[in-house]
Each structure stands twice: as structure tokens, then as C-alpha cells.
Amino acid sequence: MRAARKADDAGVALDVARIREDFPILKRLIHGKPLVYLDNAASTQKPAPVIEAMGHFYAAGYSNIHRGVYLLSEEATEAYESARKKVQEFVGARDSREIVFVRGTTEAINLVSHTWGRSNVNPGDEILVSGMEHHSNIVPWQILCQERGCRLVVIPIDDRGELIYEEFERLLSPRTRIVAVAHVSNALGTVNPIRRIVEAAHRQGVPVLVDGAQAVAHQPVDLQELGCDFYAFSGHKLYGPTGVGVLYGRAGLLEAMPPYQGGGDMIRSVTFEKTTYNEIPHKFEAGTPDIGGAVVLGAAIDYVEKIGLEAIAAHEADLLERATRFMESVPRVRIVGTAREKASVLSFAIEGIHPHDVGTVMDSEGIAIRAGHLCAQPVMERFGLPAIARASFGLYNSAEEVEVFARGIRKVLEVLG
Ligand SMILES: Cc1ncc(COP(=O)(O)O)c(C=O)c1O
């Protein structure tokens, strides 16, 4: 395996000890042991500036938005729209109107499948996804297929967990309506060649949706460079709050799409005879949104940008390499996902030991890892495993924690082996 970036490529090493001071939860003891949190792919912990931003907004700046004529509402509207601008700059979108606040990646993909899908997909059409998708980039398309009589076509993955690019090119056909792929796989850590996929799809006039849930916190994302048409991610995996996420969509596509939900704020005018819709992105933000969530997501973006995504990527690549090297040396361990480009995720199985038991023994040592199907059952099937265990790294994890992880694995083998 080659880690996505080498530690010193970024020039500056992270001051992890300092960063850890920002995360109050890392002071917790779990079963009497220091918490070693290695489930960052599921969700990340929150730094003090994010927690404080939440308190500050509700204590000093809260009201509903877009409708008040009073100062507090103007301030809250300004904070919400500034967060949109921040997201725009963070991912390199051309226009803040291309940033729609949603609940998370899941809702972003459902929004596209419901609105763009219903108006662009017809019987006999095909939706192309990869074999490494999270359920939230499979099921919304299956629902669309049931409704519209179209077909889900799957780009196979190889034994390393890489998308087979030649198969993708072969499957891309005049019937393909959209390609929907993960930027980084939550189960395998594979980084997909998005730009190449987008270029091939665009040559045939096919738009591409990218599930960026596992990418935005781990590497710089530049939508102009990727060139995709939709990009989805969640705030809670980016050191921000739950309940808020982002759908980026090209302005032209969003403008042509029908609304997702009907209600307040998404309209221009309503009579019982006819309703006209607001402009983008408001057309897709019916009802009172998670105002505080969006504002605090802005604080989370400030936090990671201050540290720097390049430096974060290099640091996590180093942790991943250390952990991988250790696991390669342990008998009976099978690493699941050995792609040449990987980010942050180390999934594994230990012969003869159920991943849930691995997770339980690790927990007794204070180490939080994930065990199960990781919301990616087709990946489990591809690798012939009912479940796997996963350690996933974040910016606050340290080399010492990788050693604690290694000791935990030795203990698993001692106790259950
Ligand atoms: C690749 C990927 N896509 C989508 C999701 C769904 O994200 P959310 O539950 O925040 O909507 C996840 C969450 O684990 C994920 O890893």
C-alpha cells in the first residue's frame, strides 16, 4: 500500500499534542483507560472552538433567518449565509448559490435522486455506481430505479479494493444517466480517480455525483479540479455538528431541477392556484433549516483550514502507514482494502475471531474502533466476509495511539486467539 501522501510532503508536521488540547473529550477515561478514538470515519470529535461557536450562537446571535425585519434576524441570516460562503470557498465552488445546506450526505444524495433523478431518468436508463459504495449511495438510486424502471449498474472492484477503471469505461454507455461514486471509500479507504471518471463521463454528456463524506476532512477538495456535477458531505465527519451537511450542485443543474420538499422559504409566491419557487439554493431549503448547524459548520471549517488539509492528509497518511505496517506483521490478520491510493481507513479481519469480539476487547482497553458491515454490505460480500473491523484516523490521533492500538490487537489475540 502506498499512503496518499508522505508525512513530510506538507512541509509542517502537525503539533498533535497541541491539537489534542482542543478536544475536551480526549481527556475522558474509558473503562479507566485514556480514550483512543479510532472511529473517525463514523464521526469525528469536536474541538473547543466548534463547541464554543455553538454556545455563542445560541447565547448571543440566535433567531430565525431570512424573514425577520429585526436586527437579531438580520445577524443570524448573515451568519448563516456567511457559512454558505465559507463552504463555497472551502470546496472551491464557483458560486455560493451552488451550496445547499442539507442534513448530511444521505439527504444530499436523496435530494439529487428525488429531484434530478425523477426529471431525468426514464425506463431503460442506467445509473452507474461502484462496488464500494456506502448504502446511502446505493439505496436512493435503487428507490429511483423501482419508481422509474431504470437499472443500477455496478462498476466492479478488484482484490485490492480499487475500482476497475476499464470496467467503468466499458459500462459507461448511451443508457447511462448519472455516475455516482465515493471520493474515498468508508469501508476500504480507497481514493477513487474522480477527475478521470468525470472526464470520461463528461465526454458522453453524463453528470457525476461524488459522495465526499470520507474525503473533505482528510484531504484538500477542489471542485474545479475534480470537475464533478454534484458533491455531498456531512458536517459531523468534518469536526462539526450533526444534523447539517452540504450538497454542491452546478448552478445550471440546480436551476433546472424541481424542488425537493415544499414549504416555507423555498417559494417566491403562493396562491391556491399556483406556487412559484425561490431561486437556488433556497429552492432546496424548505422550512427552517439547521441554522446553528450551518453556522457552527463554518467554525469547523475555520478550524481545519487553520491546521491545513495538506498537513492533515500527511499526518493521517503517516498514521495509516504505521498501523498498516504493524497489521501486516500480525499472523491471521487480513487487511481488507489495499488500494495504492488510500486515506485514513484501515479495515481488517482476524481469522477465527468475530469483529464484534475484536471491538469489545479493544473497547476494554479504551480503544474505539468500528465493527460490523460498515453500511457497505456489498463490500463485505465482495471480500467474502460477514463483517469487518475498522480503525480510522483523524487529525488528533497520534503515533503513540497507533502503538496502543497495536497493543490492543495483541491483547485480542491473547484473549480470543
Ligand atoms: C462514504 C459515506 N457516504 C455516506 C455516508 C452517510 O453519511 P451521513 O450518515 O452523515 O449522511 C457515510 C457515513 O458513514 C459515508 O462514510
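Residues numbered from 1 in each chain as written. Predicted model: local features only at pLDDT ≥ 70, side-chain atom pairs only at ≥ 80, totals over all residues. Heavy atoms only, no water.

A. Here's a closer look at empty space enclosed by the protein. Scanning all chains against the criterion turns up two cavities of 30 Å³ or more. In this structure, the second largest cavity occupies an estimated 30 Å³ of space. Together, Ser113, His114, Arg118, Pro140, Ile143, Leu144 and Glu147 line the second largest cavity. Elements that contribute at least two residues to the lining of the second largest cavity include exactly helix H4 (105–120) and helix H5 (139–148). Broken down by element, the lining of the second largest cavity gets its largest block of residues, four residues, from H5. Class assignment of the residues belonging to the lining of the second largest cavity gives a composition of three nonpolar, two polar and two charged. (1 Å grid on protein atoms, 1.4 Å probe; cavity = no way out; pocket = protein on both sides within 12 Å on 5 of 7 lines; lining within 4 Å. Points joined across faces, edges and corners; volume = space filled by probe spheres on them. Helix = DSSP H or I, 4+ residues; strand = E, 2+ residues; numbered from the N terminus. Nonpolar A, V, L, I, M, F, W, Y, C, P; charged D, E, K, R; others polar.)

B. Local environment of the state of the cysteines. Per the stated rule, a full pass over the model turns up zero disulfides. Take Cys145: it sits in no disulfide, and the sulfur closest to it among the cysteines is that of Cys150, at 3.3 Å. (Disulfide = S-S within 2.5 Å.)

C. Main features of the layout of surface pockets. Approximately 470 Å³ is the volume found for the largest pocket. Residue lining of the largest pocket: 22 residues in total, with Val191, Asn192, Pro193, Ile194 and Glu341 positioned closest to the centre. Broken down by secondary-structure element, the contributors of at least two residues to the lining of the largest pocket are helix H7 (194–203) and helix H8 (223–226). Of the residues in the lining of the largest pocket, the class split is nine nonpolar, four polar and nine charged. Taken together, 25 residues line the second largest pocket, and the ones lying closest to its centre are Thr105, Thr106, His134, Ser234 and Lys237. Looking at the lining of the second largest pocket, the element that brings in the most residues is H4, giving three residues. Of the residues assigned to the lining of the second largest pocket, the class counts are seven nonpolar, twelve polar and six charged.

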